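Architecture at a glance
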2 protein chains.
Amino acid sequence: MNRQWLLASRPQGMVSPENFEWREADVPEPGEGQALVRNLYLSLDPAMRGWMSDAPSYVPPVGIGEVMRGGCVARVERSNDPELAEGSLVAGMFGWQDYALTGGEGPLRPSRIPDGVEPALALGALGMTALTAYWGLAEIGKPQPGETVVVSAAAGATGSVVGQIAKIRGCRVIGIAGGPEKCALLTGELGFDGAIDYRSEKVAARLRELCPDGIDVYWDNVGGEILEAALANLAMHARIVICGAISQYNAETPPGGPRNYMNLLVKRSRMEGFLVFDYAARNGEALAELVPWVTEGKVRQPADVRDGLENAPAALLDLFEGRNSGKLMVRIAS
Amino acid sequence: MNRQWLLASRPQGMVSPENFEWREADVPEPGEGQALVRNLYLSLDPAMRGWMSDAPSYVPPVGIGEVMRGGCVARVERSNDPELAEGSLVAGMFGWQDYALTGGEGPLRPSRIPDGVEPALALGALGMTALTAYWGLAEIGKPQPGETVVVSAAAGATGSVVGQIAKIRGCRVIGIAGGPEKCALLTGELGFDGAIDYRSEKVAARLRELCPDGIDVYWDNVGGEILEAALANLAMHARIVICGAISQYNAETPPGGPRNYMNLLVKRSRMEGFLVFDYAARNGEALAELVPWVTEGKVRQPADVRDGLENAPAALLDLFEGRNSGKLMVRIAS
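Scoring rules and cut-offs
Residues numbered from 1 in each chain as written. Chains lettered and ligands numbered in written order. Predicted model: local features only at pLDDT ≥ 70, side-chain atom pairs only at ≥ 80, totals over all residues. Heavy atoms only, no water. Contact = heavy atoms within 4.5 Å. Buried area = accessible area lost by both parts, 1.4 Å probe. Salt bridge = Lys/Arg side-chain N within 4 Å of Asp/Glu carboxyl O. Polar contact = N/O pair within 3.5 Å; in protein donor to acceptor, adjacent residues only side chain to side chain. Helix = DSSP H or I, 4+ residues; strand = E, 2+ residues; numbered from the N terminus. Phe/Tyr/Trp six-rings, centres within 6.5 Å; stacked < 30°, edge-to-face > 60°. Buried < 20%, exposed > 50% of the residue type's maximum accessible area, 1.4 Å probe, protein only. Lys NZ or Arg CZ within 6 Å of the ring centre and 35° of its normal. Pairing = 2+ DSSP bridges. Least-squares fit on C-alpha atoms with pLDDT ≥ 70 in both.

1. Here's the deal with the interface of chain A and chain B
Of the residues lining the interface, 30 residues belong to chain A; the matching set on chain B comes to 30 residues. Here chain A meets chain B over a buried area of about 2,500 Å², counting both sides, of which 63% is carbon and sulfur. Among the residues chain A hides against chain B, the three largest losses belong to A:Tyr261, A:Leu265 and A:Arg268. Together they make up 26% of the total. Counting across the chain A and chain B interface gives four salt bridges. B:Arg270 is paired through a salt bridge with A:Glu272; the nearest N and O atoms lie 3.1 Å apart. Along the contact surface separating chain A from chain B lie seven residue pairs in polar contact (both at pLDDT 80 or more). Put simply, the parts of the chain that give the side of chain A that touches chain B at least two residues each are helix 7 (224-231), helix 9 (263-266) and strand 13 (270-273) of chain A. Tallying contributions element by element places strand 13 of chain A first for the side of chain A that touches chain B, with four residues.

Structure (structure tokens):
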């Protein structure tokens, strides 16, 4: 039996468990060139909110009645694909279900997980969010030693890796997160130089204190007022990496844009968006740096693992309400 | 006698002639290393609205009771500066007055006007706004042959030169301007490939029609809804050059930011601000291209010349209400 979560309706405002429908289907048969995979872990990511909406974006929306899209780590059960050996571990967009068939190409082609890498790690510090951090810094943020890097949603899956890579690159790193536990994680285990609790502190004023020479690289996962606070504190020739806007995804009214974007002119700065999928062909380069960093403990990623595919919708709501700490994933099978 | 316009008060919302005060002062004496210049033409520019405000910006505001700041072309009357010969023509920030003393350094240092260049041209197609167009394209927009370039405030001093340089660079160029006369100027004398009248047409829909492959370079002089219309029609890897936001300068309520800035991510695009002053040391390079273009008629600039220093405040209001066509300047003396 193949347990599945389908997209039942498009959310109005905040996602709700009622946007999903549970179905028990047959396990599919792999066709020529395909493999059948058994999902072990499902990654929960902010981008899922966009995939549930039918606004134009970088990928088509998930259709109503289709299996909800999601990145997974899986084990190959049966294979008609000579490159996917039975029993091996693979990562791919296999969706919110027990079993899936492979077959996508390009960025959708499953990638083999190197021997010895824990399945959960392949969704975390070596997964898509870590690659997002790696490529966004390498290609857009370009932090130089001695520069000040500020990261929003810094305790999250992408932000935590952004900050740790920026530390490795010789930068001063300030993280913005919600609540004292997350802030303690940043300045403790993750080695950030400072943390701002956006729930209890005034972000713009604290950025002014903590970044007296201004922000050289601002990594934006959130949008809204925190993006404006960063824009108000740029150094000259700053780079703003647009990675996400989680504060806006569930807004019922059209969200506001950054009212002070003209600081880009005052500070001769840039704001630039990117997508990790564009760098898929070069992920070997990224992993050549990330794997030793993870092995040596220079990049750590707290994982927040929830048990059971049936709990995926509730876990997604926790993600948007900030009730996760570190990389959020659902264990589907062991 | 030195007739002067002083800044009397900071505007609330739209600038008003009442923000200025007329004074008749003595002609000053040049000190050691200084020259006394006689202003011939005063340039009127959107940036003046920012200089009148005390919001933090890239230059300090004009103080209340100080002579209003402005770029001028002037003749050297008496000189204690060996580099500024009496009788020669110079351009500089000499202010809204008949006479000024030189003395500034860096970008404020007066620049000599090459022999044979008409004084009005030194404020127009070879002046600061033309250099703004040149450097913003060269360093930020980087248009490639065959790309589509869209310019807002395209009949204005900067926009008209942006479009003509982009044509020289082999691009398809669409201009956005207010009213049928300005649009006819763009597609007629200035050689643009298309024009959109924002007063009578739906800009986003027209951009979709005229730029079916998307906008590669968008030059923003205006902000507001036109910036959003451009963001909604970007090609992949587009560059938005942030040069100004004239639609917002006189807003009484805090202006909105571009609500759809996340299209920067969807289209892997960037939005970047710059200031022409940063390139002052390299203006020789720019003029080496601009002078022949102007001489050969490849870059034309309609000038809108108003007579008399006493009319400067009214002319500035015309600028913000779109009642100029081409480079707006005031003739102070001949």
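Now, onward.
2. Quick notes on the packing of aromatic side chains
Residues and elements named next belong to chain A. All chains considered together, the criterion is met by 16 aromatic pairs over all chains. With centroids separated by 4.8 Å and ring planes inclined at 15°, the aromatic side chains of Phe20 and Trp96 adopt a geometry described as stacked. Residue Phe20 is found in strand 2 (residues 20-25), and its partner Trp96 is found in the loop between strand 5 (89-92) and strand 6 (99-101); the two are separated by 76 residues along the sequence. Each member of the pair, Phe20 as well as Trp96, is classed as buried. With 5.2 Å between their ring centres and 10° between their planes, Trp135 and Tyr279 make a pair best called stacked. Remark: Tyr279 occurs in the loop between strand 13 and helix 10 (283-295) and Trp135 occurs in helix 3 (residues 128-141); sequence separation between them is 144 residues. Overall, Trp135 belongs to the buried group, its relative accessible area being 1%. On the basis of relative accessibility, which here comes to 14%, the residue Tyr279 falls in the buried class. Through a chain of ring-to-ring contacts, three or more aromatic side chains come together here, namely Trp5, Phe20, Trp22 and Trp96. The ring of Trp51 carries the charged tip of Arg69 above its face, separated from the ring centre by 5.4 Å.

3. Quick look at the pattern of salt bridges
Residue and element names in this part refer to chain A. Per the stated rule, a full pass over the model turns up 48 salt bridges over all chains. Of the charged contacts in the structure, one is a salt bridge between Arg282 and Glu139, with a shortest N-O distance of 3.6 Å. With a gap of 143 residues between them, Arg282 in the loop between strand 13 and helix 10 and Glu139 in helix 3 connect regions that are remote in the sequence. Here Arg282 falls in the partly exposed class, since its relative accessible area comes to 32%.

4. With respect to the pairing of strand 5 of chain A
All names here are of chain A. Every second residue of strand 5 is oriented toward a common face, with Leu89 and Ala91 on one face and Val90 and Gly92 on the other, all of them buried. Taken together, the four bridges between strand 4 (residues 72-79) and strand 5 define a ladder with antiparallel strand orientation. Bridging across to strand 5, Arg75 finds its partner in Leu89.

5. Thoughts on the relation of the copies chain A and chain B
The transformation that overlays chain A on chain B combines an axial shift of 0.0 Å with a rotation of 180°, and the residual RMSD is 0.0 Å. In symmetry terms, the pair is related by a two-fold rotation axis. Judged by C-alpha distance, A:Gly257 is the residue of chain A that lies nearest the rotation axis, at 2.1 Å. Of the interface residues in chain A, 100% have counterparts in chain B that sit at the interface too, so the contact is made through matching surfaces.

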